[in-house]
Each structure stands twice: as structure tokens, then as C-alpha cells.
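Survey of secondary and tertiary structure
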Amino acid sequence: MYENGQLLTEDNHFADHIERDVPIQIYRNNLHDDIGFVQEITTTYVKVNDTFYRRDQFRFISRPGY
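First, a word on scope: everything that follows refers to the structure included in this document.

Cut-offs and rules
Residues numbered from 1 in each chain as written. Predicted model: local features only at pLDDT ≥ 70, side-chain atom pairs only at ≥ 80, totals over all residues. Heavy atoms only, no water. Pairing = 2+ DSSP bridges. Helix = DSSP H or I, 4+ residues; strand = E, 2+ residues; numbered from the N terminus. Buried < 20%, exposed > 50% of the residue type's maximum accessible area, 1.4 Å probe, protein only.

What to know about the pairing of strand S3 (residues 31-41)
Two elements, strand S2 (residues 23-28) and S3, share six bridges in a ladder whose sense is antiparallel. Bridge pairing in S3 places Ile24 opposite Gly36. Two successive antiparallel strands, S2 and S3, enclose a turn made up of two residues, where Asn29 displays a positive phi of approximately 55°. Sheet topology places S3 next to strand S4 (residues 45-48); three bridges connect them, and they run antiparallel. Across the sheet, the residue bridging to Ile41 is Val46, located in S4. Taking the residues that link successive antiparallel strands as the turn, the S3-S4 hairpin has three residues.

Below is the structure:
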């Protein structure tokens with residue numbers, strides 16, 4: 001499984017979080033933007049809390065146990 005604070009970059013990282021219902025935290029410019037559960041992924045976006053976040057503009061961090 002993933003460690004708290006682990007950077008998520010690959011499709012399988014996000015798919016694992018969807019499958020196991022593990023929350024992620026989203027950062028932009030090192031500032032917290034959102035936290036929640038991955039609803040959908042594409043090669044360009046990650047959908048969390050009904051919002052699409054561009055994968056090239058945000059950092060996604062695993063938050064198991066949150």
C-alpha cells in the first residue's frame with residue numbers, strides 16, 4: 001500500500017486509490033488545494049470532489065488513514 005505523503009504520478013497509483021477508497025491531498029504551488037477521494041482519472045486530469053485537476057498543474061499526495 002501507499003505511505004502517508006507518498007507522491008502519486010502514475011495511472012495505477014490513482015486506480016489503486018479508487019479501488020481501495022484511499023483519500024488523496026492536492027497541492028498547487030506547494031499550497032493545499034483540496035483533499036478527497038479520486039472519482040475518475042484520465043491521462044490529463046484527476047477528478048476529486050466533482051472537480052477536475054490537471055495532472056501537470058497539481059501534485060497529488062496519498063493520505064491513507066485521513
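Structural notes on the environment of Arg54
Here Arg54 shows up in strand S5 (residues 51-54). The exposure class assigned to Arg54 is partly exposed, which follows from its relative accessible area of 27%. Distance in space between the C-alpha atoms of Arg54 and Thr43 is 9.2 Å, their sequence separation being 11 residues.

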